[in-house]
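Secondary and tertiary structure notes
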Amino acid sequence: MFVNNDANQRLCESLVSTSYVRQADEASKRQTKLFSQLVSNRKLPTDGWNEQVIESFLLELSQLDSNNFLDNCGVGEREGRVYSKLVQRRNFGLHHGIGRSGDVSAEQPKAIGSSIIAKLANILVADAMKISGLQSIDSTTTLLLPLCTGMSLCSVFNALRAHQREEQNAKEVERQNTIVWTRLDQKTCIKSILASGYDVCVVDPILEKDELVTNLQALEKELSAEENENTKKIACVVSSTSCFAPRASDDVEAIAKLCQKYNVAHVINNAYGVQSRKLCGRIEAAMRKGRVDCVVQSLDKNFLVPVGGAIVCASKGNGYLVDKVRKLYPGRASISSTLDVLITLLEMGKTGYERLLDERETNYEKLKMALERTASKYGERVLETPNNPISLGVTLTSSRNDLVTKFGSMLFTRRVSGARTVPMQETKKIGNVELRGFGASFSTYPTAYFTAAAAIGMREKEIESFELQLEK
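Summarised in this report is the structure supplied together with it. Since we're looking at a predicted model, the values are computed, not measured.

Overview of the nonpolar core
Counting residues in hydrophobic clusters, the biggest one holds 83 residues, and the most contacted among them are F57, M129, F157, F303, V341 and L345. The element that contributes the greatest number of residues to this core is helix 14 (residues 336-377), accounting for nine residues. By size, the runner-up hydrophobic cluster in this structure holds 20 residues, among which are L367, L371, V394 and A448.

Okay, here's the thing in structure tokens:
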């Protein structure tokens, strides 16, 4: 900063009143102190920064990238050249991306500003996840990827195969071509398994009252068949936390203990679970008491940023798979999702983030009460799913699938987005895997239903509006 320098301050005092220059200098120093505290504390600021301070911070860092040097002479094929001034402003002049071809988190000599931003974003995301309850992780075992959750899962599975090739002989790795998937009817996870070249072994949940819970007995049966190392075929188990009701979060602690017992890798799909302290608490217990090799979660669903980023993490001292993902990433990475989450977390601060977590929990209870009021008027009910702290389901007793689908269409035309209707016993084939009762995560769920989620960032007026639209 120009004034925040003794020589420059004296020059300014030769032009305008000394008292005014010194007052401006104090203000400038307060801003500089914020920057210094961020880098030294390596945590979310307690109170969020305003837009002007964030923009100043980013513009100052962008001047450290070679494409913004006043006297830079670029003669390479990639020199951060951007045609559009609008694109340049949108990216704060940060054009080089992050990482290098050998490591997505490596420093770039030509882009020190971008490299600092990438490191800070990683640190702040890890700190936010600790606030949510994942105390066992740290910034060295947390990695931001400019990929959606599904592609990040692909990266994890490919990294697992690469790791196993280093640890075992080629025949053993070739035989370990199956991933055990605790069924959850969202296409992302199963498609990421298939796209990574693995076969899928589906373990269906079991129905307890309204709720679909992990079938631990069936899972152990699959794993126990692996005790003979000469016939071992399972590469890992994939469990899930965040999901649509009536599917409950998997019992990740029990699964982690089974994976530890049978020496099988365990990957948790925590897509939108960071926003739930309850789900993060379960993952933390799994990390402490059993085997968890990697956890994958979405940036946009948890931190209120545009789609396009994900986080892979592991507990301290167990970051081998995160490190392998980091080193297998081909080429440089876009800085866009990294920049988005850094700006967002700086603006939120610790206080703002904790407030959002609290509001989400309150909104879950308010949404549940609103759905109970409406459902009771029409002879329907809210499904009892105590192990799902985000999503709620409401019965639709009509057995006609066309009417269930029409109900969903009517909600959408009334500008209700995100509600999901599930007819009874539809079948869908994904790759070579056929899933009966698709949408319900269970082949014979006894009723059609619709779901709604109390997600982070939801406003109370959206709950009120939703209740009114359901009444029409």
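Here we look at the pairing of strand 9 (residues 310-313)
For a regular strand, side-chain orientation follows a simple rule: the groups alternate between the two sheet faces. Neither face of strand 9 is open: one carries A310 and V312, the other I311 and C313, and all of them are buried. Sheet topology places strand 1 (residues 142-145) next to strand 9; four bridges connect them, and they run antiparallel. Looking across to strand 9, one finds that L145 is bridged to A310.

A short note on the packing of helix 6 (residues 149-167) against helix 13 (residues 320-328)
In helix packing, the relevant descriptors are the interaxial angle and the interaxial distance, both defined with respect to the helix axes. The contact between helix 6 and helix 13 brings their axes to 9 Å, and the two run at 105°. Of the possible angle classes, the one that applies to helix 6 and helix 13 is roughly perpendicular. Where helix 6 approaches helix 13, its residues S155, V156, N158, A159, L160, A162, H163 and E166 are matched on the opposing element by Y320, L321, K324, V325 and L328. Residue composition of the contact of helix 6 with helix 13, by class: eight nonpolar, three polar and two charged.

Brief notes about helix 14
Helix length check: helix 14, at 42 residues, gives a terminal C-alpha distance of 47 Å against a target of 62 Å (1.5 Å per residue), a shortfall beyond 12%. Positive phi shows up at G379, right after helix 14, with a value of about 75°.

With respect to a nonpolar patch on the surface
Where nonpolar side chains cluster on the molecular surface, the patch consists of L64, I112 and I116 and spans about 210 Å² of accessible area. Mapped onto the fold, I116 is located in helix 5 (residues 112-132).

A few points about the environment of T397
Structurally, T397 is set in the loop between strand 10 (391-396) and helix 15 (401-413). Given a relative accessible area of 57%, T397 falls into the exposed group. Distance in space between the C-alpha atoms of T397 and Q108 is 59 Å, their sequence separation being 289 residues. Excluding residues within four positions of it along the chain, T397 makes contact with E380 and T447. At 2.9 Å, the side chain of T397 and the side chain of E380 are in polar contact.

Structural notes on the pattern of salt bridges
Overall, the coordinates contain 20 salt bridges when judged by the stated rule. Here R183 makes a salt bridge to D185, at a shortest N to O gap of 2.8 Å. Of the two residues, R183 and D185, neither departs from the other in class, the shared state being buried. Several salt bridges share partner residues, and in doing so they unite R183, D185 and D204 into one network.

A look at the side chain of T385
Looking at where T385 falls in the secondary structure, it is placed in the loop between helix 14 and strand 10. For T385, the residues in contact, after removing those within four places along its chain, are E211, A245, P246, Y364 and S391.

Comments concerning the packing of aromatic side chains
Applying the stated criterion across every chain, the model contains eight aromatic pairs. Arranged with centres 5.5 Å apart and planes meeting at 85°, the rings of W49 and F57 form a pair that is edge-to-face. For W49, a relative accessible area of 6% puts it in the buried group. Of the aromatic side chains, those joined through ring pairs into one cluster are F35, W49 and F57. Sitting over the ring of Y198, R161 keeps its end group 4.1 Å from the ring centre.

Cut-off values and rules
Residues numbered from 1 in each chain as written. Predicted model: local features only at pLDDT ≥ 70, side-chain atom pairs only at ≥ 80, totals over all residues. Heavy atoms only, no water. Core = buried A, V, L, I, M, F, W, Y, C linked by side-chain atoms within 4.5 Å. Buried < 20%, exposed > 50% of the residue type's maximum accessible area, 1.4 Å probe, protein only. Helix = DSSP H or I, 4+ residues; strand = E, 2+ residues; numbered from the N terminus. Pairing = 2+ DSSP bridges. Axes fitted to C-alpha atoms, helices over the stretch in contact; angles between N-to-C directions. Parallel < 35°, antiparallel > 145°, perpendicular 65-115°, else oblique. Contact = heavy atoms within 4.5 Å. Nonpolar A, V, L, I, M, F, W, Y, C, P; charged D, E, K, R; others polar. Expected span 1.5 Å × (residues − 1). Patch = residues over 30% accessible without salt bridge, like charges linked within 9 Å, V, L, I, M, F, W, Y side chains within 5 Å. Areas by Shrake-Rupley, 256 points an atom, 1.4 Å probe, with all protein chains shown as cover. Salt bridge = Lys/Arg side-chain N within 4 Å of Asp/Glu carboxyl O. Polar contact = N/O pair within 3.5 Å; in protein donor to acceptor, adjacent residues only side chain to side chain. Phe/Tyr/Trp six-rings, centres within 6.5 Å; stacked < 30°, edge-to-face > 60°. Lys NZ or Arg CZ within 6 Å of the ring centre and 35° of its normal.

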